[in-house]
Amino acid sequence: ETGVTQTPRHLVMGMTNKKSLKCEQHLGHNAMYWYKQSAKKPLELMFVYNFKEQTENNSVPSRFSPECPNSSHLFLHLHTLQPEDSALYLCASSQEGAGVHSGTDTQYFGPGTRLTVL
Amino acid sequence: KNQVEQSPQSLIILEGKNCTLQCNYTVSPFSNLRWYKQDTGRGPVSLTIMTFSENTKSNGRYTATLDADTKQSSLHITASQLSDSASYICVVSGGGGSQGNLIFGKGTKLSVKP
């Protein structure tokens, strides 16, 4: 295991539902990320939090709302989603964001939540 | 436009054989390149990372190469095992201080058959 857990592992929801995805990292990292992985497409970065502060919002629709109450926990709140939002949602953490780009740090991914929107 | 292209899209090989996966990128500026392995139903796991000055890096039976001049990288898998069946993702960091400047390839799906 990578030290990053995600719950639930699978989620089926209707377009009018409200649900939340949870991510927890046990690595003492300070940066956390949400990614969307759709079939036959590259991973898409959604949000980045560094020391609990959101430092990146990659033009994500407002029906996705992140929350980072502390450096160990990250949530993704979902409401009024569309069928095209069905995908694997991956959480990752790293020691701190800048190290990923300098080559001194790496991201550790959770197993993902498989989301299906009906 | 910053892009990472991987080939082939999918590959089937017999157990025990070697294979090479390709990654071409147009990301600029360049900071580092990583290869990840993603098993079905799991998140990606880092295999190797190479910065500009490195041209080869090994991790067990996995060997990655980098040619920064031609902007190409390869991942060579030696003596493949059934457990190597997975998607292999090439990721290039464009640096620049932006935490979001990670460019992901679509991955190569490798199937190792007995």
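Before reading on, note that the structure itself is shown above.
Residues numbered from 1 in each chain as written. Chains lettered and ligands numbered in written order. Predicted model: local features only at pLDDT ≥ 70, side-chain atom pairs only at ≥ 80, totals over all residues. Heavy atoms only, no water.

A. Quick peek at the sheet that holds strand β8 (residues 72–77) of chain B. Residue and element names in this part refer to chain B. Sheet architecture is open: five strands sit in the order β1-β3-β8-β7-β6, paired in antiparallel fashion. The outermost strands of the open sheet, each flanked by one partner alone, are β1 (4–7) and β6 (56–59). Neighbour to neighbour, the strand axes of the sheet diverge by 15° on average, direction disregarded. (Pairing = 2+ DSSP bridges. Helix = DSSP H or I, 4+ residues; strand = E, 2+ residues; numbered from the N terminus. Axes fitted to C-alpha atoms, helices over the stretch in contact; angles between N-to-C directions.)

B. View of the state of the cysteines. Residues and elements named next belong to chain B. Using the criterion set out here, one finds two disulfides over all chains in the structure. Across a sulfur-sulfur distance of 2.0 Å, C23 and C90 are joined as a disulfide pair. Measuring handedness by torsion sign, the sulfur bridge of C23 and C90 sits at about -70° and is left-handed. Here C23, found in strand β3 (residues 19–25), pairs with C90, found in strand β9 (residues 86–93); they are 67 residues apart in sequence, far enough to count as distant. Residue class for C23 comes out buried when judged on its relative accessible area of 0%. For the unlinked cysteine C19, the closest cysteine sulfur is that of C90, found at 15 Å. (Disulfide = S-S within 2.5 Å. Buried < 20%, exposed > 50% of the residue type's maximum accessible area, 1.4 Å probe, protein only.)

C. Structural context of the interface of chain B and chain A. With 24 residues of chain B at the interface, the matching set in chain A holds 28 residues. Regarding the contact of chain B and chain A, the summed buried area is about 1900 Å², with carbon and sulfur atoms giving 50% of it. Our count for the chain B to chain A interface comes out at zero salt bridges. Where chain B packs against chain A, one counts four residue pairs in polar contact (both at pLDDT 80 or more). Of all the secondary structure elements, the ones that give two or more residues to the side of chain B that touches chain A are β4 (32–38), β5 (45–51), β9 and β10 (102–104) of chain B. Classifying every residue of the side of chain B that touches chain A gives seven nonpolar, 14 polar and three charged. (Contact = heavy atoms within 4.5 Å. Buried area = accessible area lost by both parts, 1.4 Å probe. Salt bridge = Lys/Arg side-chain N within 4 Å of Asp/Glu carboxyl O. Polar contact = N/O pair within 3.5 Å; in protein donor to acceptor, adjacent residues only side chain to side chain. Nonpolar A, V, L, I, M, F, W, Y, C, P; charged D, E, K, R; others polar.)

D. Representation of the sheet that holds strand β8 (residues 73–79) of chain A. All names here are of chain A. Spatially, β1-β3-β8-β7 is the arrangement adopted by the four strands of the open sheet, whose pairing is antiparallel. In this open sheet, the two strands that pair with only one neighbour each are β1 (4–7) and β7 (64–70). Between one strand and the next, the sheet's axes are offset by a mean angle of 20°, whatever the strand orientation. By the bridge criterion, seven bridges tie strand β3 (residues 18–25) to β8 in an arrangement that is antiparallel. By the bridge assignment for β8, S20 is matched with H77.

E. Structural detail: the pairing of strand β11 (residues 113–117) of chain A. All names here are of chain A. Of the two faces of β11, only one is covered, namely that formed by T113, L115 and V117; the face formed by R114 and T116 stays uncovered. Sheet analysis places strand β2 (residues 10–13) next to β11, joined by four bridges and oriented parallel. Within β11, the position partnered with L11 by the bridge is L115.

F. Highlighting the side chain of K36(A). Residue and element names in this part refer to chain A. Along the chain, K36 turns up in strand β4 (residues 31–37). In this structure K36 is buried but unpaired, with D85 as the nearest side chain of opposite charge at 4.3 Å. Reaching out from K36, the side chain makes a polar contact with the backbone oxygen of E84 at a distance of 3.4 Å. In this structure K36 touches P42, L43, E44, M46, E84, D85, A87, L88 and Y89, once residues within four positions along its chain are discounted. (Lys, Arg positive; Asp, Glu negative; His and termini not counted.)

G. Representation of the side chain of S73(B) within the structure. Residue and element names in this part refer to chain B. Of note, S73 is situated in strand β8. The class for S73 is buried, based on a relative accessible area of 2%. Every residue in contact with S73, bar those within four places of it in the chain, is listed here: L21, Q22, C23, L33, W35, M50, T65 and L66.

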